[in-house]
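Read off the chains here:
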Amino acid sequence: MAEIFYDDDADLSIIQSKKVAIVGYGSQGHAHAQNLRDSGVEVVIALKDGSKSAAKAQEDGFEVKNVADAAEWADLIMILAPDQHQRSIFADSIKDKLTEGKTLAFAHGFNIRFGYIDAPEGVDVILVAPKAPGHTVRREYVAGRGIPDIIAVESDASGSAWDTALSYAKAIGGTRAGVIKTTFTEETETDLFGEQAVLCGGMSHLVQYGFETLVEAGYQPQIAYFEVLHELKLIVDLMWEGGIAKQRWSISDTAEYGDYVSGPRVISPEVKTSMQAVLADIQSGAFAKRFIDDQDNGATEFLELREKEQGHPIEATGKELRGLFAWKQQDTDYVEGSAAR
């Protein structure tokens, strides 16, 4: 059974006694920084010299330091830069400033799990990961609620790293909702798998194949778009609210029966076998190496794949329809955020 912690389990004064540097001021960075500040924590924003995010952070009332100066000043350094940039930021500006007793923090375990960052001895290494885009983390905190977090400790040099992680989670609102204890390995591997096999890779390609099947059979692209993409939000919202059971309870009997008899024909046991292969590549580090090697090579494969997918006919159909109808996507959390962060 998972260990879950709430407000009463966390001591806010721990993080309030520390100086915190937030590296990055994007979706997660702005949310962590503002929530921490509102919880009585001393925060500075750590950015590379010349960063375009500096003006925004200063406009929001934060002091901005370059990463090296912030890392030297801080007791806790939370790295919220993109995964592929963390390694160089750490090596160039943070590693030499990590004196004994400091805490190195992450919101995703990628660089620790796959060995791209190796913290020195005497430093606590923790993870505090809200399970929502930063805009939602901030909005829920302001509303007096919170987003569930997961926390982990990779290195407990001080003997109090878990207390620090819980305190940090409380300061950003996580313990209001509930905080689950995990490990860097579990968080990283399940997060990558969820993104690749279901949430991003699995879902987007399922939608594309559904669209192609209907259009190739002679149906209007606009009708196909509504049936396989537009209505997806309704289904996901129902699942989010009450699990797969609520989704099945809410739909028609025809749709529910079709779920039972046709779902396994599309998502067959072979799909699970493919998912296991995806997981194996994550666990072995093969995916991480492919991603980082490509990023180091100018993201050649990444950019080629992005361009290819953006050219899928469903994108042009969707853009046309969204421009013609009165309904508009207003919830910027889901278009400005990311699947992790």
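Up top is the structure.
### Some remarks on unusual backbone geometry
Within the chain, Ala299 stands out as a residue other than glycine whose phi angle is a positive 60°. Mapped onto the secondary structure, Ala299 falls in the loop between helix 16 (286-296) and helix 17 (300-310).

### Re the environment of Gln58
Looking at the element boundaries, Gln58 is found in helix 3 (residues 54-59). Placed 14 residues apart in sequence, Gln58 and Val44 show a C-alpha to C-alpha distance of 9.9 Å.

### What to know about the sheet that holds strand 6 (residues 103-106)
Here nine strands make up an open sheet; going across it, the order is 1-9-8-7-6-5-2-3-4 and the pairing mixed. In this open sheet, the two edge strands, each paired with only one partner strand, are strand 1 (4-5) and strand 4 (63-66). Here strand 5 (residues 76-79) pairs with strand 6 via four bridges, running parallel. Each bridged residue has a counterpart across the sheet, and for Met78 the counterpart in strand 6 is Ala105. Packing against the sheet, helix 8 (residues 161-171) makes contact with strand 1, strand 2 (19-23), strand 5, strand 6, strand 7 (124-130), strand 8 (149-155) and strand 9 (179-181), and its axis sits at approximately 155° to strand 8.

### Focus on the nonpolar core
Counting residues in hydrophobic clusters, the biggest one holds 32 residues, and the most contacted among them are Ile22, Leu36, Ile45, Val128 and Tyr168. No other element matches the six residues that helix 8 contributes to this core. Membership of the second largest hydrophobic core comes to 28 residues, among which are Ala70, Ala71, Ile79 and Phe184.

### Quick notes on the packing of helix 12 (residues 221-230) against helix 18 (residues 313-324)
Direction vectors running N to C along helix 12 and helix 18 enclose 95°, while the axes themselves pass 10 Å from each other. By the angle between their directions, the pair helix 12 and helix 18 is classed as roughly perpendicular. Counting all contacts with helix 12, which are made through Pro221, Gln222, Tyr225, Phe226, Val228 and Leu229, the residues of helix 18 involved are Ile314, Thr317, Gly318, Glu320, Leu321 and Arg322.

Thresholds applied
Residues numbered from 1 in each chain as written. Predicted model: local features only at pLDDT ≥ 70, side-chain atom pairs only at ≥ 80, totals over all residues. Heavy atoms only, no water. Helix = DSSP H or I, 4+ residues; strand = E, 2+ residues; numbered from the N terminus. Pairing = 2+ DSSP bridges. Contact = heavy atoms within 4.5 Å. Axes fitted to C-alpha atoms, helices over the stretch in contact; angles between N-to-C directions. Core = buried A, V, L, I, M, F, W, Y, C linked by side-chain atoms within 4.5 Å. Buried < 20%, exposed > 50% of the residue type's maximum accessible area, 1.4 Å probe, protein only. Parallel < 35°, antiparallel > 145°, perpendicular 65-115°, else oblique.

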